[in-house]
Amino acid sequence: SGGCFWKLKDVYAKLDGVEAVVLGYIGGWNKMPSQEDVIVGKTGHAESVMVKFKEDIVSYRYLLKVFWRAHDATLIGSQGLDVGTQFRSALWPLSREQYNVASASMNATHDGTNPIRTTLQLTTLEAFQPANMSAVKFHCRLADSESIPTSAQNV
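Below is a short write-up of the structure.

Calculation notes
- Residues numbered from 1 in each chain as written.
- Predicted model: local features only at pLDDT ≥ 70, side-chain atom pairs only at ≥ 80, totals over all residues.
- Heavy atoms only, no water.
- Axes fitted to C-alpha atoms, helices over the stretch in contact; angles between N-to-C directions.
- Helix = DSSP H or I, 4+ residues; strand = E, 2+ residues; numbered from the N terminus.
- Parallel < 35°, antiparallel > 145°, perpendicular 65-115°, else oblique.
- Left-handed = near helix turned anticlockwise from the far one by under 90°.
- Contact = heavy atoms within 4.5 Å.
- Patch = residues over 30% accessible without salt bridge, like charges linked within 9 Å, V, L, I, M, F, W, Y side chains within 5 Å.
- Areas by Shrake-Rupley, 256 points an atom, 1.4 Å probe, with all protein chains shown as cover.
- Salt bridge = Lys/Arg side-chain N within 4 Å of Asp/Glu carboxyl O.
- Lys, Arg positive; Asp, Glu negative; His and termini not counted.
- Charge placed at Lys NZ, Arg CZ, Asp CG, Glu CD.
- Nonpolar A, V, L, I, M, F, W, Y, C, P; charged D, E, K, R; others polar.

Observations concerning the packing of helix α1 (residues 5–13) against helix α3 (residues 60–70)
Their axes nearest at 11 Å, the elements α1 and α3 cross at an angle of 135°. If you check the angle between α1 and α3, you find them oblique. Seen along the crossing, α1 lies across α3 with a hand that is right-handed. Facing α1, whose interface residues are Lys7, Leu8, Val11 and Tyr12, α3 presents Leu63, Val66, Phe67 and Ala70.

Below you can see the structure in the form of structure tokens.
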């Protein structure tokens, strides 16, 4: 989760080795959140993306580098013009190994000035609720992601 899920979808979909980017919600208390309820902060969920990728082409570490560049991890509960806990910065690793890699990446990203506000929570695939695309009407208000390289060779 790094703000509006449309922005993250656009960023990750451009990367070599990414097979799919699924929009959805995670981290809330309602098992079947609606877009309308998430937008107004009624469910505790964060807008998020689930990224399916080919590990022989793009690494989890590289996806994390892109994550840090795609949003401001020092903000609490907002990204750009999108304000609310549904736009918080959070990582939801699916294994202890991913958790450890994400934690190391987060620590390496910190520049010593503003603290990283990203939450890190070990989770399961079942916790991620794909968005009902026929109901999604909200559009991201953040700037385009032209500064994100599309290949690991560009980092």
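Notes on a negative patch on the surface
Together, Glu19, Glu55, Asp56 and Glu97 give the surface a local cluster of negative charge. Among the secondary structure elements, Glu55 is positioned in the loop between β2 (46–53) and α3.

Focus: the packing of α3 against helix α4 (residues 96–109)
Interhelical geometry of α3 versus α4 gives an angle of 40° and a closest axis separation of 10 Å. Compared by their axis directions, α3 and α4 come out oblique. Crossing handedness for the pair α3 and α4: right-handed. In contact with Tyr60, Arg61, Leu64 and Trp68 of α3, α4 contributes Gln98, Val101, Ala102, Ser105, Met106 and Thr109. Classifying every residue of the contact of α3 with α4 by side-chain character gives 6 nonpolar, 3 polar and 1 charged.

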